[in-house]
Amino acid sequence: VKAIEPSFGAINLEDISQPKCFEVLDRLRRDLSIPVWHDDQQGTATVVLAGLLNAAQVVSKSMTSLRIALIGIGAANVATYRLLKASGVAPGAIIACDSQGILNRTRQDLERRRDEFRDKWVICEESNSEQICGGIEEALRGADVCVAFSASGPNVIRPEWIRGMAGDPIVFACANPVPEIWPWEAKEAGARIVATGRSDFPNQVNNSLGFPGIFRGVLDVRARTISDAMALAAAQELAKCAAESGLSDERIVPRMDEPEVAPRVAAATGVAAQRQNLAALERSFEQLQMSATTRIDAAQAATALLMREQLIAPPPAA
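Keep in mind that this is a model prediction, so the values were computed, not measured.

With that out of the way, let us pick up the pattern of salt bridges. Oppositely charged side chains are able to pair whenever their charged atoms sit close together. Applying the stated criterion across every chain, the model contains 27 salt bridges. Between Glu-130 and Arg-67 there is a salt bridge, and its shortest N-O distance comes to 3.3 Å. Placement of the pair is Glu-130 in the loop between α5 (118-126) and α6 (136-140) and Arg-67 in the loop between α2 (39-58) and β3 (68-71), with a sequence separation of 63 residues. We classify Glu-130 as exposed; its relative accessible area is 54%. Two residues, Lys-120 and Asp-98, come together in a salt bridge whose shortest N-O distance is 3.0 Å. Of this pair, Lys-120 sits in helix α5 while Asp-98 is found in strand β4 (residues 94-98), placing the two residues 22 residues apart along the sequence. It is possible to trace a salt-bridge network through shared partners that takes in Asp-26, Arg-82, Arg-118 and Asp-119.

Encoded structure:
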């Protein structure tokens, strides 16, 4: 990645196993003068935060009062933990659970390998103020929110565990292709809001909802990095996109086919970069939104022309 830096305006990392993905991202963000982004980390976390901001509003709970269970502590939920902290959620109100159980300061398996699993050990030290032990059932007990990026289901999360959560629980079951619990089972067990990573269910929490706009924004202001503040700004704009046309149990994030979403996220990201003195160019929100819209429209028109001329194949029928 360092070798190809001079040829690119920004770089997206993909398919790097954990825990290597954390060190690779952190070192490249430190050493390179262009943005380096790992979509499975920051992209997913940004969209999760956008959905959670709106879900909390729907159930009339404040973000700072939420008790949040993170099920699965891979790339997605480690980054979600970081972004939740940056958004103001108290680490002590977060209960994280991996395949070996709840993270806490007694996890000697992680303490012995703290150099290798540095991010997990930080979560052990910072989160779970009550030092709860156990597994997924105990992590979910009394929680307002479940954010799961773990093993493909179903039955990774059981309906009776959802019944043990707080009132009006919010469940993000995001494993693909099969969520940790089917949405209808979670609803029958009492979940008020259910999100998955799939497009055939309501509330698709997927990194591709944020990634195109965020990258467009950093390129259009020639940003040097993508900071947590920029990801927060993108999440807040995503949340606004959904909220402006009305929130409900089945609409906490916009859909990917809503054309105004990517340009608005691009503009919010670019403005945040300027605010932090991380951008080489100065552009207003309106200028960035218009520029992104023009570029996206041109790309879509070119793609349509290439398909019409049979130079590229159309997408397969659903």
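Attention shifts here to the packing of aromatic side chains. Going through the model one piece at a time under the given rule, you end up with 4 aromatic pairs. Residues Trp-182 and Trp-184 carry aromatic rings whose centres are separated by 5.0 Å and whose planes lie at 5 degrees to one another, so their mutual orientation is stacked. Aromatic side chains Trp-184 and Phe-201 sit 6.2 Å apart centroid to centroid with 70 degrees between the ring planes, which places their arrangement in the edge-to-face category. Pair noted here: Trp-184 is in helix α8 (residues 183-188) and Phe-201 is in the loop between β8 (193-195) and α9 (211-220), with a separation of 17 residues, a long-range link. An aromatic cluster is present here, built from Trp-182, Trp-184 and Phe-201 joined pairwise through their rings.

Following both chains from N to C, one finds helix α10 (residues 228-243) and helix α11 (residues 261-275) inclined at 150 degrees, their axes separated by 8 Å at the closest point. As for how α10 packs across α11, the hand of that crossing is right-handed. For the pair formed by α10 and α11, the contact residues are Ala-229, Met-230, Ala-233, Ala-234, Glu-237, Leu-238, Lys-240 and Cys-241 on the first element and Val-261, Arg-264, Val-265, Ala-268, Thr-269, Ala-272 and Ala-273 on the second.

Before going further, it helps to examine unusual backbone geometry. For the bond from Gly-153 to Pro-154, the omega torsion is 5 degrees, close enough to zero to count as cis. Considering the arrangement of structural elements, one finds Pro-154 in the loop between β6 (145-148) and α7 (159-163). Here the residue pair Asn-176 and Pro-177 is connected by a cis peptide bond, since its omega of 5 degrees sits within 30 degrees of zero. Within the fold, Pro-177 resides in the loop between β7 (170-173) and α8. Of note, Asp-15 is a non-glycine position whose phi angle comes to about 60 degrees, a positive value. Residue class for Asp-15 comes out exposed when judged on its relative accessible area of 68%.

Calculation rules
- For every chain, the first residue of the written sequence is number 1, and numbering continues from 1 onward in sequence order.
- The predicted nature of this model means local features are confined to residues of pLDDT at least 70 and side-chain atom pairs, given and counted, to a pLDDT of 80 or more, with totals for whole chains, interfaces and linings taken over all residues.
- Values shown for side chains rest on all heavy atoms present in the structure; no hydrogens or waters enter the calculation.
- Whenever a carboxyl oxygen of Asp or Glu lies within 4 Å of a side-chain nitrogen of Lys or Arg, that contact is scored as a salt bridge.
- Numbered from the N terminus, helices here are DSSP runs of H or I no shorter than four residues, and strands are runs of E no shorter than two.
- Whether a residue is buried, partly exposed or exposed follows from its accessible area with a 1.4 Å probe, protein chains only, as a fraction of its type maximum: under 20%, in between, or over 50%, in that order.
- Stacked, edge-to-face and tilted labels apply to pairs of Phe, Tyr and Trp rings (six-membered ring for Trp) whose centres lie within 6.5 Å, assigned for plane angles under 30 degrees, over 60, and everything in between, in that order.
- Inter-axis angles, ranging from 0 to 180 degrees, are taken between N-to-C directions of lines fitted to C-alpha atoms, where helices are fitted over the stretch in contact.
- Each helix crossing is assigned a hand: it is left-handed if the near helix lies turned anticlockwise from the far helix by less than a right angle, otherwise right-handed if that turn is clockwise.
- Every residue pair with non-hydrogen atoms within 4.5 Å of one another is taken to be in contact.

As far as function goes, none of this settles anything; it's purely spatial.
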